[in-house]
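Descriptive structure summary
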Amino acid sequence: MAPLVESLTAKPVMLAMLAAVLITLPVALVTLLIVRRQTNPQRVPIVWIVLSVIRMIVALAGSLLVYLAVPRIESAGLWYWFGIAVAYLSTLAAEVFVLAKPGWVGRGAGSRRG
């Protein structure tokens, strides 16, 4: 396992891309789980918008903290921010795709639908 981690983090650009995914993916998964548990269909858009704003703030704040704290990522420069943008937009597109599937929202805990 150590050689894989070393190969992924050997170049600042690869480390930056890995950090971008690790920052944006968990927040996107939490957003999906919370929205899925909504049983009131009228609250889903409001909850989704609020969580999307929170996700954007967490992703940007986390990205900035990592950028300032890890000198190797800072040396990646714009590639890091490009990776953040790609990872964020990819998780957003996946979230929209999943939430747009009919019947997926509202099938969380306590619900007996499909």
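Our structure is the block above this text.
Heads up: these notes are all about the structure in this document. Everything numeric in this text was worked out from a predicted model, so none of it was measured.

For the protein chain, the helix and strand inventory stands at 5 helices and 0 strands. For the protein chain, the α and β elements follow one another from N to C terminus as α-α-α-α-α. In the protein chain, which comprises 114 residues, the proportion classed as buried is 33%. Per element, the accessible surface of the protein chain, about 7400 Å² overall, is 75% carbon and sulfur.

This part is about helix H2 (residues 12–36). Helix length check: H2, at 25 residues, gives a terminal C-alpha distance of 36 Å against a target of 36 Å (1.5 Å per residue), a fit within 8%. Among all positions in H2, only Leu15, Ala16, Ala19, Ala20, Ile23, Thr24, Val27, Ala28, Thr31, Leu32 and Val35 are buried.

What follows is about the pattern of salt bridges. Under the definition given, this model contains 1 salt bridge. Here Arg55 and Glu95 are joined by a salt bridge, their closest N and O atoms 3.2 Å apart. Of this pair, Arg55 sits in helix H3 (residues 44–69) while Glu95 sits in helix H5 (residues 78–99); the two residues are 40 residues apart in sequence, bridging distant segments of the chain. Residue Arg55 is classed as buried on the basis of its relative accessible area, which comes to 1%.

A word on H3. Taking 1.5 Å as the rise per residue, H3 with 26 residues should run 38 Å; its terminal C-alpha atoms sit 36 Å apart, in good agreement. Looking only at H3, the buried set comprises Val44, Val47, Leu51, Ser52, Arg55, Ala59, Gly62, Ser63 and Tyr67. Next to the buried residues of H3 lie H2, helix H4 (71–74) and H5.

So, about the packing of aromatic side chains. According to the stated counting rule, one finds 4 aromatic pairs in the structure shown. Ring geometry for Tyr67 and Trp81: centres 5.3 Å apart, planes at 50°, overall tilted. With Tyr67 in helix H3 and Trp81 in helix H5, this pair connects stretches of sequence that are 14 residues apart. Of the residues examined, Tyr67 reaches a relative accessible area of 18% and is grouped as buried. Exposure remark for Trp81: the relative accessible area of 28% places this residue in the partly exposed category. Residues Tyr80 and Trp81 carry aromatic rings whose centres are separated by 5.0 Å and whose planes lie at 70° to one another, so their mutual orientation is edge-to-face. What makes Tyr80 buried here is its relative accessible area of 0%.

This part takes up the packing of H2 against H5. At a minimum axis separation of 8 Å, H2 and H5 run at an interaxial angle of 25°. For the element pair H2 / H5, the angle class is roughly parallel. Viewed along their axes, H2 and H5 form a crossing whose handedness is right-handed. Residue composition of the contact of H2 with H5, by class: 19 nonpolar, 4 polar and 1 charged.

The rules behind the values
Residues numbered from 1 in each chain as written. Predicted model: local features only at pLDDT ≥ 70, side-chain atom pairs only at ≥ 80, totals over all residues. Heavy atoms only, no water. Helix = DSSP H or I, 4+ residues; strand = E, 2+ residues; numbered from the N terminus. Buried < 20%, exposed > 50% of the residue type's maximum accessible area, 1.4 Å probe, protein only. Areas by Shrake-Rupley, 256 points an atom, 1.4 Å probe, with all protein chains shown as cover. Expected span 1.5 Å × (residues − 1). Salt bridge = Lys/Arg side-chain N within 4 Å of Asp/Glu carboxyl O. Contact = heavy atoms within 4.5 Å. Phe/Tyr/Trp six-rings, centres within 6.5 Å; stacked < 30°, edge-to-face > 60°. Axes fitted to C-alpha atoms, helices over the stretch in contact; angles between N-to-C directions. Parallel < 35°, antiparallel > 145°, perpendicular 65-115°, else oblique. Left-handed = near helix turned anticlockwise from the far one by under 90°. Nonpolar A, V, L, I, M, F, W, Y, C, P; charged D, E, K, R; others polar.

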